[in-house]
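Coordinate analysis (summary)
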Amino acid sequence: MTRLNSDIVICGAGMAGIAAAYHLAVRHGVKNITLVDERQPLTLTSDKGTAAYRNWWPGPDDTMVRFMNRSIDLLETLAQESDNCFQLNRRGYVFLTAEPYQIPIMKRTATEISALGAGPIREHPGSLPYTPSPSQRFDNLPTGADLLLSPDLIRQQFPFVTEDSVAALHVRRCGWLDPLRLGKWLLDQAQAHGVRLLRAQVTGVSVINNRVQRVQLHTGDQINTNTFVIAAGPYLKRVGAMLGLDLPIFNELHGKIALRDDLGIVPPDAPLMFWNDPVALAWTAAERAQLEAKDETRWLLDAFPAGVHFRPRTDGHTHVLLVIWTYDIKPQEPVWPPQFDRDYPEVLIRGLARMIPGLSAYFGRGREAYVDGGYYCKTAENRPLIGPLPIQGAYIIGALSGYGIMASQAAGELLATHITGGTLPGYASHLRLERYEDAAYQSLMANWDVSSGQL
Ligand SMILES: Cc1cc2nc3c(=O)[nH]c(=O)nc-3n(C[C@H](O)[C@H](O)[C@H](O)COP(=O)(O)OP(=O)(O)OC[C@H]3O[C@@H](n4cnc5c(N)ncnc54)[C@H](O)[C@@H]3O)c2cc1C
């Protein structure tokens, strides 16, 4: 058995653990950090999503807007420092509806989020012209959102969407990036500043007199340390239990498909687009009869909830649509590799065809799509857990749900500030575990929007 010594041990080299290591080592100059992961870095959840970002978050207060604005500020700085090696863009998210009753709801929600600090709302037609987003740049662009209320203007900007669209909300401080390139760049920087990466499973943590003492690895080796950071993604609960803690989190399975758009139905420079209305999938009469006949397929005739969305991904040759639609969000234990319903890709193609009718050309080709995904590790109110735990020297950075890439920089910075000392930002108290002991926070939670910003 080998005994190592480390000032800080971080368990998990997903985006959260790597961002924590980067902020501690590079921004705060902390030496002697060990990042431990049983897998290749970034291969459990952090490479499975659409890696999109937005500063557009509902209340009940401005915590998430301020937290994400800070994270996007940091991502933009990193993009500048790294010659944008991780391809940050700012194409925006476009929310669409074909239901006139949705227009006042869209306006009200936009006004509320704008008031939390996400930027101004511009209505079109209106006093200012609508300016589309560039496909690549991210600097000197508008914030807030543009509300397009003319179907002609919507079709002029997005000719591939359904003709019955009546409103589009183009949210501007949003886009996406390449998470593997970002993570690798951060990890290289951290390692250049002395962070050690160790391939091992953390199997136990010794706590004596309520203080972290040692971390045990599956090899039998041990690391003496007095600071242990849990960054274990969907395994937060399991690692928390090693410290005797029952962390208030759960996991939801979220899948994504990569659909080749060989017919070029959607232009490669499109933004992320989200359909705001419930959808009944399009089937022929013969298909309907077939689905109706079997118990296990009848559900495909039901109405599906709003929320199918996509963003394009292209390497210049292959043009792909990354599509997500989570219509089943029961909490579950993480199982690896995750299993997805065999009909999932076909459902997504048919659902997305409600927004982009040209995609009907791919009906029946769901099996050709590549399916993967992972777990959103979440708290009840869909806010992360970042900060100290009730055991001295133990910290957490996790429960990053479906926003861990976009939030990674503010999360890493916040965790590093907790560990090294320094002035905490105003949102810090609403993201640490202790918030659940605060009566004012509890009463805020009582009136929480159940979706809590989840797309
Ligand atoms: C389908 C999908 C779409 C998404 N879309 C987006 C998006 O558009 N934008 C966005 O910002 N986010 C998105 N996300 C969410 C984002 O991917 C996650 O929030 C983020 O990757 C979480 O990072 P993490 O480091 O906490 O977890 P992970 O990436 O899961 O990393 C945790 C690491 O801990 C390691 N580990 C666990 N236990 C141990 C142990 N005992 N010993 C050693 N190592 C251990 C694991 O091996 C793993 O490498 C999406 C997620 C999914 C599934």
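Below or above, wherever it landed, is the structure these notes cover. Counting restarts for each chain, with residues numbered from 1 along the sequence as it is written. Thresholds applied to this predicted model are a pLDDT of at least 70 for local features of residues and 80 or more for the giving and counting of side-chain atom pairs; totals over whole chains, interfaces and linings are not thresholded and use all residues.

1. A look at the nonpolar core
In this usage, the nonpolar core is the set of buried Ala, Val, Leu, Ile, Met, Phe, Trp, Tyr and Cys residues whose C-beta atoms join them within 7 Å. With C-beta atoms placed from the backbone, a residue counts as buried when 20 or more other C-beta atoms lie within 10 Å of its own, as exposed when 12 or fewer do, and as partly exposed for counts between those limits. I10, A20, A21 and V229 are the most contacted members of the largest nonpolar core, which totals 134 residues. Composition of this core by domain shows at least three residues from each of domain 1 (3–51 + 179–248 + 380–446) and domain 2 (93–173 + 251–378). This entry defines residue contacts through backbone-placed C-beta atoms, with two residues in contact when those atoms are within 7 Å. Here I10 is in contact with G17, A20, A21, I33, L35, V36, V229 and A231, once residues within four sequence places are set aside. Here the bounds of each domain stem from an automatic or database domain assignment.

2. Focus on the site of the ligand
The rule is simple: place the C-beta atom from the backbone, and if it lies within 6 Å of a molecule or strand, the residue is near it. In the neighbourhood of the ligand, 41 residues make up the surrounding shell, with G12, G14, G49, G233 and G404 lying closest. Secondary structure counts use DSSP, requiring at least four H or I residues in a row for a helix and at least two E residues in a row for a strand, with both numbered from the N terminus. Listed by contribution, the elements that provide at least two residues to the shell around the ligand are α1 (15–27), β3 (33–37), β4 (52–54), β15 (250–260) and β21 (370–378). A per-element tally of the shell around the ligand places α1 first, with three residues. When residue character is reported, Ala, Val, Leu, Ile, Met, Phe, Trp, Tyr, Cys and Pro are called nonpolar, Asp, Glu, Lys and Arg charged, and the others, Gly included, polar. The residue inventory of the shell around the ligand, partitioned by class, reads 20 nonpolar, 16 polar and five charged. Taken domain by domain, the shell around the ligand gets at least three of its residues from each of domain 1 (3–51 + 179–248 + 380–446) and domain 2 (93–173 + 251–378).

3. Brief notes about the sheet that holds strand β7 (residues 145–148)
Each pair of strands is called paired provided DSSP finds at least two bridges between the two strands. With respect to topology, nine strands assemble into an open sheet ordered β6-β7-β8-β5-β16-β19-β20-β15-β21, the strand pairing being mixed. Two strands bound the open sheet, and with one partner strand each, they are β6 (121–124) and β21. Across the sheet, the mean angle from the axis of one strand to that of its neighbour is 20°, orientation sign disregarded. One ladder, built from nine bridges, connects β15 with β21; its direction is antiparallel. If you follow K256 over to β21, its bridge partner there is D372. Across the face of the sheet, helix α3 (residues 102–118) comes into contact with β5 (93–97), β6, β7 and β8 (167–171) while running at roughly 15° to β8. With axes taken as lines fitted to C-alpha atoms, and helix axes fitted only over the stretch in contact, angles between N-to-C directions fall between 0 and 180 degrees. Docked against the sheet, helix α8 (residues 344–355) engages β5, β15, β16 (272–275), β19 (309–314), β20 (319–324) and β21, running at close to 70° with respect to β15.

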